[in-house]
Amino acid sequence: MRFWRRSLTFRLVCLFVLVSTTLLISLGLLTLSTTNNHFLELDEVYLYDKELLVQEIAQNASSSKEVVKKIRNALSSQPDLSFAILDNSKTLYNSPGFEFPTHLMSQPEVNTGVVMQWLVGTQTMRAISTPVKGLTVVLAVNTLHHDHFMTSFRELIWVYVAIAIVLSGVLGWWVTRRGLKPLIPIIAKASHINAAQLNDRIPTKDVPAELEPLARTLNQMLERLEHDFARLSGFSSDLAHEIRTPINNMLIQSQVTLSKKRSIEQYEEALLSIVEELERLAITVSEMLYLAKTENHLEVPNQSSVVLESEALELLTFYELWAEEKCVTLTVASGGTVTGDRLMIRRAISNLLSNAIRHADAHTHIAIEIVNTAQATTLSVSNVGETIPLPIQSRLFDRFFRSDQARTYPGFEGAGLGLAITKAIMQAHGGTIAVSSVKGHTVFTLSFSKTV
Amino acid sequence: MRLLIVEDEVKTGAYLQQGLSEAGFIVDVATTGEYGLHHAMTSVYDLIILDIMLPGVNGFEMLEKLRKNGHSSPVIFLSAKDRVEDRVQGFELGADDYLIKPFSFSELLARIRALLRRGRTIEAHQVSVADLNVDFLKRRVTRAGHRIDLTAKEFSLLELLIRRQSEVLPKSLIASQVWDMNFDSDTNVVEVAIRRLRSKIDDPFEIKLIKTIRGMGYALEDPQA
């Protein structure tokens, strides 16, 4: 059963043999029955012919005695023909060695011209009977000669059929092998593709039409794999880089601190700085994980109804103290409801809001605006501050991108993943994120499509 | 208060033991699930801290056995795994809390204290620390007889600090308890909020009650007590 499932050649050969066996056997049976019918017809024609002869002879005879005599004279010279002349159930004449079974006398076929058939030992007799001047003349042929022929013919046909079946199996195997040949280059190509050369593709040009969709599908799969693989390797190298720097800082700092005896305050300072560095590292790792899960759809958004303005207002109560300190005012305008994961959406808005406050000029206004259109519900966060140059705008959503490449911000500045996470959250919700920055006016817009 | 730590990573176990002992607990450490189970079955612990990935019997299995044998001490799981399923499994087995590595020590301490206090103390309507008095029912704060007006969030923050006085509360815990911000958000906001609160309840007075413990968080206590 396992072999049946595994080998396509075996399956095809079996099907091929099955089909040809069915066809050959039916053909054989048809031939045999046609031949047999043909012999029957020949016998019939022969018997009717002789019946005519008997009737003709009988017409010119005056007595039944004469009839018997004339028929005997006429038919005795006929090869293969036996006959009997009966008067009621009394036999007047019998060909040598022939006897008409008396029980057939009462059969309805008698004297109707219908062919009767009976067995004598192993031989089949066919006969008709015809009324002649009050007598019954039985004309019979022995089918021995065509029985012989049919037997050998039948044997011959079955031998041919058997040979043809075996041949069809062999041919089927050969045809299958040949037919599957175009798969070999695909297999060869596929077996050579590994992580190092994911850019290789299976050739679709010389592939038969039926296999082209397969080759194309495989290529599409490779395309996706290559894309994911590139993202994954980019992810690991980013991660390595991001982790390496703080580890290096801590290592050097600890070694320098240990290089000579220092005051307790200095030790404390060193430990504190390490704690800060480690906290940053811990957040980086957890954000990286969150990003990876969101991007790869491991974190599937809950589908609940999220009222955007109430989420925004709640976030305002959190951020407003910080905003006040930076002399920035916050407002939320209008409203809308979207379907999605409350916590994820909240995180996305929170990231935008915290960026806006960080980069806002003092005594300016940050506006959260929620707009409903026929196609989408959008939430935009706008602030007044430095204009983001166009070349930087497109890179804002990259992982670990910071507008200030050195960590110039005092205290905590995040891992540079906020916007990447926001973008991933939006993608997980089938939405988009966009930025525009003109004359110091920067707007980030989250757009939740309504058609999803 | 007696705690059991089951942790196969020797350094982690040792530092946790040191930190928790210094915080006033009696701490035993077991390095495998079997030892842990033996300890937990033979002595009485007020709380058990369990690593999930352990050689032999893992944390989940250990908790399952403990609960089957009728041990109801609160259990905190420590794990580097942060898959939701793991957390769910932990809670289903009867864990009381779940901390993902890396976690800050002050966070662990705060959660241990919260669990140990759970269901035991009746929340007082009125608490005083030094000359600061907070009436939770009337939501009124006075210090040295002076009435202090606080915003709702400032009051929640003070309530958290004073209900858990002398405990170091990490910024992330404050953000999640006061503002329901349950992800790594800007902790700038917490700093600003603490500064605001200080300006109202500490700055005008000589004795400062809110302490900053650098690298760990904030605590409210009477320095003279």
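Computed from a prediction, not measured in an experiment: that's the story for all the values here.

**Notes on the overall build of chain A**
Phase 1 of the analysis: When its secondary structure is counted, chain A shows 11 helices and 12 strands.
Phase 2 of the analysis: Of all 452 residues assigned to chain A, the portion counted as buried reaches 23%.
Phase 3 of the analysis: Considering only contacts in chain A between residues 6 or more positions apart, those separated by 24 or more positions represent 63%.

**Points about the overall build of chain B**
Phase 1 of the analysis: Counting its secondary structure elements, chain B contains 8 helices and 11 strands.
Phase 2 of the analysis: Here chain B, with 225 residues, has 34% of them falling under the buried criterion.
Phase 3 of the analysis: Taking the contacts inside chain B whose residues are at least 6 apart along the sequence as the reference set, 55% of them involve residues at least 24 apart.

**Digging into the sheet that holds strand β4 (residues 123-132) of chain A**
Pairing between the strands of a sheet comes from backbone hydrogen bonds, and it takes one of two forms, parallel or antiparallel.
Residue and element names in this part refer to chain A.
Phase 1 of the analysis: Spatially, 5 strands are ordered β2-β1-β5-β4-β3 in an open sheet, and the strand pairing comes out antiparallel. Because the sheet does not close on itself, it has two edges, and the strands there are β2 (90-94) and β3 (116-120). Neighbour-to-neighbour, the strand axes of this sheet turn through a mean angle of 30°, independent of strand direction.
Phase 2 of the analysis: Where strand β1 (residues 81-87) meets strand β5 (residues 135-142), 6 bridges bridge the pair, whose relative direction is antiparallel. The residue bridging Leu 81 from the neighbouring strand is Val 141, located in β5.
Phase 3 of the analysis: Here helix α3 (residues 64-76) sits on the sheet and contacts β1, β2, β4 and β5; the angle it forms with β1, its principal contact strand, is near 175°.

**Section: the interface of chain B and chain A**
Phase 1 of the analysis: On the chain A side, the residues contacting the 17 residues of chain B number 19 residues.
Phase 2 of the analysis: The greatest single-element share of the side of chain B that touches chain A, amounting to 5 residues, is contributed by helix α8 (residues 188-201) of chain B.
Phase 3 of the analysis: Looking at the side of chain B that touches chain A residue by residue, the classes come out as 7 nonpolar, 4 polar and 6 charged.

**Some details on the pairing of strand β11 (residues 217-220) of chain B**
Phase 1 of the analysis: Looking at chain direction, strand β10 (residues 210-213) of chain B and β11 of chain B are connected through 4 bridges and run antiparallel. Residue pairing in the sheet places Ile 210 of chain B in a bridge with Leu 220 of chain B of β11 of chain B.

**Some details on the sheet that holds strand β10 (residues 376-384) of chain A**
Residue and element names in this part refer to chain A.
Phase 1 of the analysis: Judged by pairing direction, the sheet is mixed, and its 5 strands sit side by side in the order β7-β9-β10-β12-β11 without closing on themselves. Only two strands of the sheet have a single neighbouring strand rather than two, namely β7 (328-333) and β11 (432-438). Pairs of neighbouring strands in the sheet enclose a mean axial angle of 15°, with direction left out of account.
Phase 2 of the analysis: As defined by bridge partners, β11 adjoins strand β12 (residues 441-449) across 7 bridges and the pair is classed as antiparallel. Counted as the bridge partner of Val 435 is Phe 444 from β12.
Phase 3 of the analysis: Across the sheet, helix α8 (residues 308-325) lies against β7, β9 (364-372) and β10, angled at about 175° from β7, the strand it touches most.

**A word on the nonpolar core**
Phase 1 of the analysis: Ranked by size, the top nonpolar core spans 98 residues in total, and within it Tyr 319 and Ile 357 of chain A together with Ile 48 and Leu 50 of chain B carry the most contacts.
Phase 2 of the analysis: Discounting chain neighbours no more than four positions away, the residues touching Tyr 319 of chain A are Leu 330, Leu 353, Ser 354 and Ile 357 of chain A together with Val 189 of chain B.
Phase 3 of the analysis: Listed in part, the 20 residues of the second largest apolar core include Leu 47, Ile 71, Phe 100 and Val 132 of chain A.

**Observations regarding the environment of Thr 9 of chain A**
Residue and element names in this part refer to chain A.
Phase 1 of the analysis: Structurally, the position occupied by Thr 9 is in helix α2 (residues 8-60).
Phase 2 of the analysis: By C-beta crowding, Thr 9 is classed as partly exposed, having 16 other C-beta atoms within 10 Å.
Phase 3 of the analysis: Contact partners of Thr 9, with chain neighbours within four places excluded, come to Trp 173, Thr 176, Arg 177 and Leu 180.

**Details of the packing of α2 of chain A against helix α4 (residues 144-180) of chain A**
Residue and element names in this part refer to chain A.
Phase 1 of the analysis: Relative to each other, α2 and α4 sit at 160°, their axes nearing to 8 Å. As summarised for this structure, α2 and α4 are arranged roughly antiparallel, according to the angle between their axes. Helix-helix and strand crossings are classified by hand; for α2 and α4 the assignment is right-handed.
Phase 2 of the analysis: Of the residues that constitute the contact of α2 with α4, the class distribution is 18 nonpolar, 12 polar and 2 charged.

**Considerations on the confidence of the model for chain B**
Phase 1 of the analysis: Residues of chain B with pLDDT of at least 70 account for 98%, and the chain-wide mean is 88.
Phase 2 of the analysis: Across chain B, strand β1 (residues 2-6) of chain B holds the top mean pLDDT of 94, while helix α4 (residues 84-92) of chain B sits lowest at 81.

Rules used throughout
Residues numbered from 1 in each chain as written. Chains lettered and ligands numbered in written order. Predicted model: local features only at pLDDT ≥ 70, side-chain atom pairs only at ≥ 80, totals over all residues. Helix = DSSP H or I, 4+ residues; strand = E, 2+ residues; numbered from the N terminus. Buried ≥ 20, exposed ≤ 12 C-beta atoms within 10 Å, placed from the backbone. Contact = placed C-beta atoms within 7 Å. Pairing = 2+ DSSP bridges. Axes fitted to C-alpha atoms, helices over the stretch in contact; angles between N-to-C directions. Nonpolar A, V, L, I, M, F, W, Y, C, P; charged D, E, K, R; others polar. Core = buried A, V, L, I, M, F, W, Y, C linked by C-beta atoms within 7 Å. Parallel < 35°, antiparallel > 145°, perpendicular 65-115°, else oblique. Left-handed = near helix turned anticlockwise from the far one by under 90°. pLDDT = per-residue confidence, 0-100.

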